[in-house]
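Structure assessment
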Amino acid sequence: MQITLNGQAHTLPAALSIAELLAQLGLTGKRVAVERNQEIVPRSAHASTVLAEGDHVEVVHAIGGG
């Protein structure tokens, strides 16, 4: 399955949830924001939101500073 991840073509072995994608990317437990097709996906919906062919996904790392 093909998606666009942070502007780059990305092949997935099967339909994954956003939570599964984050795990595959090594981002489980990290402070990230996820946008799917220009809509923010709340953290509470990561496990239930399944990616589809052609989805555009942006994952942004939250960085604190002072």
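Cut-off values and rules
- Each residue is numbered by its place in its chain's sequence as written, counting from 1.
- It should be noted that, the model being predicted, local features are given only for residues of pLDDT at least 70 and side-chain atom pairs only at 80 or more, the latter also being counted only at that level, while totals for whole chains, interfaces and linings use all residues.
- Note: side-chain values were computed over all heavy atoms of the structure, leaving out hydrogens and water.
- In DSSP terms, a helix is any run of H or I states spanning at least four residues, a strand is any run of E spanning at least two, and both are numbered starting from the N terminus.
- Throughout, the radius of gyration refers to the C-alpha atoms, and the reference size of a globule is 2.2 Å times the residue count to the power 0.38.
- Here's how the labels work: a residue is buried when its accessible area is under 20% of the maximum for its type, exposed when over 50%, partly exposed in between, all with a 1.4 Å probe on protein chains only.
- Pairs of residues are marked as contacts when any of their non-hydrogen atoms sit within 4.5 Å.
- Shrake-Rupley sampling with a 1.4 Å probe provides the accessible areas, and residues are treated as covered by the protein chains on show and by no other component.
- Neither His nor the chain ends contribute to the count of charged residues, in which Lys and Arg are positive and Asp and Glu negative.
- Where a charge lies is defined by one atom per residue type, namely NZ (Lys), CZ (Arg), CG (Asp) and CD (Glu).
- Strands qualify as paired when DSSP identifies two bridges or more between them.
- Only C-alpha atoms enter the line fits that serve as axes; for helices the fit covers just the stretch in contact. Angles between N-to-C directions range over 0 to 180 degrees.

An unreviewed UniProt entry lists the protein chain under the name Sulfur carrier protein, with Atopomonas hussainii given as the organism.

1. Focus on the overall build of the protein chain
Tallying secondary structure elements over the protein chain gives 1 helix and 5 strands in all. Counting from the amino terminus, helix and strand elements in the protein chain follow one another as β-β-α-β-β-β. For 66 residues, the compact-globule formula gives about 11 Å, and the C-alpha radius of gyration of the protein chain, at 12 Å, lands near that figure. With the C-alpha coordinates aligned to their principal axes, the bounding extent of the protein chain is approximately 40 × 25 × 20 Å. For the protein chain, buried positions account for 29% of its 66 residues. Within the protein chain, contacts between residues at least 6 apart in sequence are counted, and of these 54% link residues at least 24 apart. By element, 52% of the accessible surface of the protein chain is carried by carbon and sulfur atoms, the whole surface being about 4300 Å². Both charge centroids of the protein chain, one from 4 positive and one from 6 negative side chains, sit 14 Å from each other.

2. Topic: the side chain of Asp-55
Considering the arrangement of structural elements, one finds Asp-55 in the loop between β4 (39–41) and β5 (56–61). What Asp-55 contacts, discounting residues up to four positions off in sequence, is Gln-2, Ile-3, Thr-4, Arg-36, Asn-37 and Val-50.

3. Re the sheet that holds strand β2 (residues 8–11)
Strand order in this open sheet of 5 strands is β2-β1-β5-β3-β4, and the pairing throughout is mixed. A strand with exactly one partner marks an edge of an open sheet, and here the two such strands are β2 and β4. This sheet shows a mean twist of 35° between the axes of neighbouring strands, independent of strand direction.

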